[in-house]
Amino acid sequence: MRAILILAMFAMLGTTLQVQAHEAGDFIIRGGIANVSPDASSSALILDGSAIGRSEADVDDNTQIGLTFTYMLTNNWAIDVLGSTPFTHDISAATGDLGLGTVDAGETTHLPPTVSLLFFPAASSSRFQPYFGAGLNYTLFFDEDVDSQLEGVLGRGSLELDPSLGLALQAGFDYKLTDNMYFNAGIWWADIDTDAEFEFASNRITTDVEIDPFVYMVSLGWKF
Ligand code: NI
């Protein structure tokens, strides 16, 4: 009987001493490397009101420092914010029937803050904490620049990209390394659509661009 009691006490002690991974009230900051990889497609380029046949704009990928902030609302639900240093993307254009081939059109810098609600299905005692979530992405483009070679052909130009607000989905996991430190890997998909407008000395080119990128991030996290 005494042996059973002692075992029961150890079992209870074990439960209370069991380290919790993610708990209501935890604040987790993660820092790492984030890559924005656009899956871009666009409408045809419109030159002074008429569409150029077989033309299209494309957007390159870029890697920056990524930061995420997660606040555990309960043991399973959290609010998450993705931030980063600004991403700069090259924009190219297939000029199709205009006959200039594929040209560098310019570049743009953007910040893609994303706010999501996350669900962590695992028990809070688990070292491995997968999660998935959904939220909103806001992308603000700035420092748009027209390629100098293109300006050589069409005259001095400017580029403007409209801000985008859209759905964002994400999944990932935290793996507990120590009491307060995690390894994290995550992936986002964001619906980022924008109108691009090139203004040159005597021409105006517009196109609707669906950037719809995947964002990949690997990071280390600290729990507070
Ligand atoms: Ni889209």
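Preceding block: the structure.
Predicted model only: the values in this text are computed from it and were never measured.

Cut-off values and rules
- Chains are numbered independently. Their residues run from 1 in the order of the written sequence.
- Only residues with pLDDT of at least 70 get local features here, since the model is predicted, and only at 80 or more are side-chain atom pairs given and counted; chain-wide, interface and lining totals rely on the full set of residues.
- Each side-chain value is derived from all of the structure's non-hydrogen atoms; neither hydrogens nor water enter the calculation.
- Only DSSP runs of H or I covering at least 4 residues are called helices, and only runs of E covering at least 2 are called strands; the numbering of each starts at the N terminus.
- Buried residues are those whose accessible area, probed at 1.4 Å on protein chains only, stays under 20% of the maximum for their type, while exposed residues exceed 50% and partly exposed ones sit between those limits.
- The term polar contact refers here to a pair of N or O atoms within 3.5 Å; inside protein, the definition further demands a hydrogen-donor-capable atom paired with an acceptor-capable atom, and it admits residues adjacent in sequence only when both atoms are side-chain atoms.
- The criterion used for residue contact is that any of the two residues' heavy atoms lie within 4.5 Å.
- Each metal's donors comprise the N, O and S atoms found within 2.8 Å of it (within 3.2 Å for Na, K or Ca). Water is not part of the atom list, so some coordination spheres may appear incomplete.
- Paired rings are identified among Phe, Tyr and Trp, the last through its six-membered ring, by centres lying within 6.5 Å, and are further divided according to the angle between planes into stacked (under 30 degrees), edge-to-face (over 60) and tilted (the rest).
- For two strands to be treated as a pair, DSSP must find no fewer than two bridges joining them.

**Structural notes on the side chain of Thr68**
So, point 1. Inspection of the secondary structure assignment puts Thr68 in strand E6 (residues 62-72).
So, point 2. Given a relative accessible area of 3%, Thr68 falls into the buried group.
So, point 3. At 2.9 Å, the side chain of Thr68 and the side chain of Arg30 are in polar contact.
So, point 4. Ignoring sequence-local partners within four residues, the contact set of Thr68 consists of Ile28, Ile29, Arg30, Asp80, Val81, Leu82, Trp188 and Met217.

**Observations concerning the coordination of the nickel ion**
So, point 1. Bound to the nickel ion on the protein side are Asp191 (OD), Asp193 (OD), Glu210 (OE), Asp212 (OD) and Asp212 (OD), at distances that span 2.0 to 2.6 Å.
So, point 2. Between the donor residues of the nickel ion, the gaps in sequence give the motif D-x1-D-x16-E-x1-D. With a gap of 21 residues between them, Asp191 in the loop between strand E14 (181-190) and strand E15 (193-200) and Asp212 in the loop between strand E16 (204-210) and strand E17 (214-223) connect regions that are remote in the sequence.
So, point 3. With a relative accessible area of 22%, Asp191 lands in the partly exposed category.

**With respect to the packing of aromatic side chains**
So, point 1. Evaluation of the coordinates by the stated rule reveals seven aromatic pairs.
So, point 2. Centroid distance Phe198 to Phe200: 6.2 Å. Interplanar angle 0°. Geometry classified as stacked.
So, point 3. Put simply, the rings of Trp77, Phe119 and Phe132 pair up and form one aromatic cluster.

**Some words on the pairing of strand E13 (residues 164-176)**
So, point 1. Strand direction decides the pairing type here: strand E11 (residues 128-146) and E13, joined by 12 bridges, are antiparallel. Across the sheet, residue Tyr131 finds its bridge partner in E13, namely Gly172.
So, point 2. Bridging between E13 and E14 involves nine bridges; their strand directions are antiparallel. The partner of Gln170 across the bridge, within E14, is Trp188.

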